[in-house]
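Each chain, letter by letter, is given below.
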Amino acid sequence: QFSLVRKFFRLFRFLNVYLSMKKQWKKTVSQKRNFNFYIKILTSLSLIIFYFTDNLLLLNKLNISSFSTNTIKLIQYYSDLSWVIEIALNILTSSLGLIELNNKKEKYQLSKLKQKKQFRSFIHNIFDFPIAMYYLGYHPHTQQLCYLLGTITSLMSLQSMYSK
């Protein structure tokens, strides 16, 4: 039931991600579109696919729409695959961000805050990756480990939402 509640709170979230990505694209002139920019765009596209397919799964679960069993399996596969891709791209983005921050000569305090945020994102995605791989069908670890890692990443998310 908890996953159903999570899906409900993600309803139509793909539109927010799309609008944010579109705004970022318009804001960034073509001369400033570098490798990091395109990685962030790919990350957003993966997230859009994840949220959209998640919405389809919710609609099916609530019997608002009815898809065949094979279609549901295919939607679930693309949902899980897009989540894995999004996490992998976030790990890459966080790693590049940490390297970039180490190379910059910014004000010490600002740099430390950015490093903390990038490191938290890196750890969060490293912990999420085995969970996403588990749901994608790769089971080198137990479901209990996924529950533990999921709890840790949820607590990390709550902590980052409510801390200054």
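Bear in mind the structure is a predicted one, so any value in this text is a computation, not a measurement.

K.L.:
Can you break down unusual backbone geometry residue by residue, with the values?
P.N.:
The phi dihedral of Phe 12 falls on the positive side, at around 65°, and the residue is not glycine. In this structure, Phe 12 sits in the loop between helix 1 (2-9) and helix 2 (13-27).

K.L.:
I'd like a description of helix 6 (residues 143-162), backed by residues and values.
P.N.:
Its 20 residues give helix 6 an end-to-end C-alpha distance of 29 Å, which sits within 8% of 28 Å, the value for a rise of 1.5 Å per residue. Every buried residue of helix 6 is accounted for by Cys 146, Leu 149, Gly 150, Thr 153 and Met 156. When helix 6 is viewed along its axis, its buried side chains cluster within an angular range of 125° and face the same direction. Turned more than 90 degrees away from the buried face of helix 6 sit Gln 144, Leu 155 and Tyr 162, all of them exposed.

K.L.:
Break down the confidence of the model for the chain for me, with residues and values.
P.N.:
Note: predicted coordinates in regions of low pLDDT should not be interpreted at a detailed level. For the chain, per-residue confidence averages 84 on the pLDDT scale, and residues scoring 70 or more make up 92% of the total. Between the elements of the chain, mean pLDDT differs from a low of 71, seen in helix 1, to a high of 91, seen in helix 3 (residues 35-61).

K.L.:
Before we move on, can you summarise the nonpolar core with the specific residues and values?
P.N.:
Core analysis: the biggest nonpolar cluster contains 20 residues, and Tyr 51 and Trp 83 have the highest contact counts within it. Looking at this core, the elements with two or more residues in it are helix 2, helix 3, helix 4 (69-103), helix 5 (108-136) and helix 6. Per element, the largest residue contribution to this core is six residues, and it comes from helix 3. With residues up to four places along the chain from it excluded, the contact list for Trp 83 reads Phe 50, Asp 128, Ile 131, Ala 132 and Tyr 135.

What counts, and where the lines are drawn
- Residues numbered from 1 in each chain as written.
- Predicted model: local features only at pLDDT ≥ 70, side-chain atom pairs only at ≥ 80, totals over all residues.
- Heavy atoms only, no water.
- Helix = DSSP H or I, 4+ residues; strand = E, 2+ residues; numbered from the N terminus.
- Expected span 1.5 Å × (residues − 1).
- Buried < 20%, exposed > 50% of the residue type's maximum accessible area, 1.4 Å probe, protein only.
- Arc of directions from axis to C-beta.
- pLDDT = per-residue confidence, 0-100.
- Core = buried A, V, L, I, M, F, W, Y, C linked by side-chain atoms within 4.5 Å.
- Contact = heavy atoms within 4.5 Å.

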